[in-house]
Amino acid sequence: MTIKKVGVLGCGLMGSGIAQVAASAGFETVVREVSDDLIQRGFAGVEKSLAKFAEKGAITGEQQQEIHGRLSGTTTFEALADCDIIIEAIIENLEEKRKTYAELDRICKPETIFASNTSSISITEMMTATSPERQKRFIGMHFFNPVPLMKLVEVIRTILTDETIYEEAIEFGKQLGKTTVRTSDKTGFIVNRLLVPYMLDAIRALEEGVGSITDIDTAMKLGLGYPMGPFTLGDFVGLDTTYYIAEIMFNEFREKRFAPPPLLKRMVLAGLYGRKSGRGFYDYSTDPKNPTPMNLV
Ligand code: CAA
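Participant: Would you take a moment to explain the nonpolar core for this structure?
Facilitator: For soluble globular proteins, the rule of thumb is that nonpolar side chains tend to be buried together. In this structure, V6, I85, M141, F143 and F172 are the most contacted members of the largest nonpolar core, which totals 36 residues. Of all the elements in the fold, those that place two or more residues in this core are β1 (5-9), α1 (13-24), α2 (36-55), β4 (85-88), β5 (113-116), β6 (138-142), β7 (152-157) and α7 (163-175). Per-element accounting of this core gives the leading share, six residues, to α1. Discounting chain neighbours no more than four positions away, the residues touching V6 are A22, F27, E28, T29, V30, C83, I85, I87 and F172.

Shown next as structure tokens:
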């Protein structure tokens, strides 16, 4: 099967980014959200991102219009019925995802491939909400934030994924302009398996007085050439999200390296989620471009 029409579930940060990348790669793309308001909010982000690319000359004004023309929003599941692949990027809640997949399974054509963008929920556990035939066509496609800039997609197979479908998904990832890596349904896949313990260790190092927030960030940024230090990255990803992923990974592996440190838990309890809430390891409220480190320990 050749993928022509792409469905995206969820028009948040990840969903809108995935939709943008699919439409930019030439695919007819439909995004489903629960309200028109959320679609408009997501599409405003797409607009901003495309404008940046156009400003830099990476795309022409004409291409910008063509991308818009390939992108549409819907609040129904029925509009996704004839999609060749559906990439799900809704809230990280297993029950919500299972409910959505069960409904889509009834509505979509038998050939539709289901792909989840989850960062940590088991693909297998979502897959079992669908029929045995669909289970062969069920994979993970994990994108990275900001989706239009980050080059990687992890393509995840379960023990029931059909070999041909998996190869199609790899090919599709390449058509999106991304570099794909192959991985299996083990919580955290490749990137979060290695990233999460690193970020948690940085918090432990802070708790133990190894260095300050800025010194640890600067050390990792300049010492290793990382684009962001661990605390800037944590604030960027969201500390609530990081905590949630760590909890799932700890439950799966029962290893201390995945256990969220007390400081992270308390920051999340106190509403310090990072950039999105204005405060995390840094305070973004005065000058978001030059945030000041918080006094946390
Ligand atoms: N669309 C288009 N252009 C964008 C953009 C977007 N969405 N976001 C940023 N840009 C542009 C900016 O406008 C800027 O353009 P100019 O150079 O013309 O000013 C350029 O990209 C660089 O951006 P910034 O100057 O703001 O900052 P930067 O140089 O630090 O780059 C970054 C930003 C690409 C995000 C870089 O800091 C980076 O790679 N950070 C690490 C990101 C990362 O690790 N992401 C993965 C998180 S983990 C995850 O997503 C998965 C999970 O499961 C948790």
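Participant: What should I look at first to understand the site of the ligand in this one?
Facilitator: In the vicinity of the ligand lie 17 residues, with S49, K56, H142, N145 and N192 positioned nearest. Contacts to the ligand include S49, whose side-chain N or O atom sits 2.6 Å from a nitrogen atom. Against a free-state accessible area of 1000 Å², the protein chains account for coverage of 63% of the ligand. Elements with a contribution of two residues or more to the shell around the ligand: α2 and α10 (230-237). Partitioning the shell around the ligand into residue classes produces ten nonpolar, five polar and two charged. Viewed by domain, the shell around the ligand spans two of them, domain 1 (5-184) and domain 2 (193-293), each represented by three or more residues.

Participant: What's the story with the pattern of salt bridges in this structure? I'm lost.
Facilitator: Note on pairing: side chains with opposite charge can pair once their charged atoms come close. For the coordinates displayed, the defined rule picks out 13 salt bridges. For D105, the salt bridge goes to R134, with nearest N and O atoms at 2.7 Å. Of the two residues, D105 is situated in helix α4 (residues 94-107) and R134 in helix α6 (residues 132-135); the sequence distance between them amounts to 29 residues. Across this residue pair, the class does not change: D105 and R134 are buried. Several salt bridges share partner residues, and in doing so they unite E88, E92 and K97 into one network.

Participant: What am I meant to see in the domain arrangement of the chain here?
Facilitator: Where the parts come together, the accessible area they lose is often given as the size of the interface. The domains assigned to the chain are domain 1 (5-184) and domain 2 (193-293). The C-alpha centroid of domain 2 is placed 27 Å from the C-alpha centroid of domain 1. The partner domain 2 presents four residues to the seven residues of domain 1 that form the contact. Of all residues in domain 1, E92, S120 and N145 bury the most surface against domain 2, accounting for 70% of the area lost on that side. Counting across the interface, domain 1 meets domain 2 through zero salt bridges. Residue composition of the side of domain 1 that touches domain 2, grouped by class: two nonpolar, four polar and one charged.

Participant: Honestly, the sheet that holds strand β2 (residues 28-32) in this entry has me stumped. Any pointers?
Facilitator: Neighbouring strands of a sheet are bound in pairs by backbone hydrogen bonds; such pairs are parallel or else antiparallel. Across the sheet, which stays open at both edges, the eight strands sit in the order β3-β2-β1-β4-β5-β6-β7-β8 with mixed pairing between neighbours. If you trace the sheet from one side to the other, it starts and ends with β3 (71-74) and β8 (179-184), each paired once. Mean inter-strand twist for the sheet, computed between neighbouring axes without regard to direction, equals 25°. Inspection of the sheet shows β6 paired to β7 by three bridges, in the antiparallel sense. Bridging across to β7, M141 finds its partner in V155.

Participant: Help me understand a positive patch on the surface in this model?
Facilitator: A surface patch of like charges, here positive, comprises K48, K52, K56, R275 and K289. Relative to the helices and strands, K289 resides in the loop between β9 (282-283) and β10 (292-293).

Participant: Please explain the environment of R106 as it appears in this structure.
Facilitator: Assignment of secondary structure puts R106 in helix α4. Given the relative accessible area of 67%, R106 is considered exposed. Considering only alpha carbons, one finds R106 and L38, 68 residues apart in sequence, at a separation of 25 Å.

Participant: Help me understand the side chain of T29, please; the structure alone is not making it clear to me.
Facilitator: Locating T29 in the fold gives a position in strand β2. Polar contacts involving the side chain of T29 include one to the main-chain amide nitrogen of A23, which spans 3.4 Å. Excluding anything up to four places from it in sequence, T29 contacts V6, V8, A19, A22, A23, R70, L71 and S72.

Rules behind the numbers
Residues numbered from 1 in each chain as written. Predicted model: local features only at pLDDT ≥ 70, side-chain atom pairs only at ≥ 80, totals over all residues. Heavy atoms only, no water. Core = buried A, V, L, I, M, F, W, Y, C linked by side-chain atoms within 4.5 Å. Buried < 20%, exposed > 50% of the residue type's maximum accessible area, 1.4 Å probe, protein only. Helix = DSSP H or I, 4+ residues; strand = E, 2+ residues; numbered from the N terminus. Contact = heavy atoms within 4.5 Å. Near = heavy atom within 4 Å. Polar contact = N/O pair within 3.5 Å; in protein donor to acceptor, adjacent residues only side chain to side chain. Areas by Shrake-Rupley, 256 points an atom, 1.4 Å probe, with all protein chains shown as cover. Nonpolar A, V, L, I, M, F, W, Y, C, P; charged D, E, K, R; others polar. Domains from an automatic or database assignment. Salt bridge = Lys/Arg side-chain N within 4 Å of Asp/Glu carboxyl O. Buried area = accessible area lost by both parts, 1.4 Å probe. Pairing = 2+ DSSP bridges. Axes fitted to C-alpha atoms, helices over the stretch in contact; angles between N-to-C directions. Patch = residues over 30% accessible without salt bridge, like charges linked within 9 Å, V, L, I, M, F, W, Y side chains within 5 Å. Lys, Arg positive; Asp, Glu negative; His and termini not counted. Charge placed at Lys NZ, Arg CZ, Asp CG, Glu CD.

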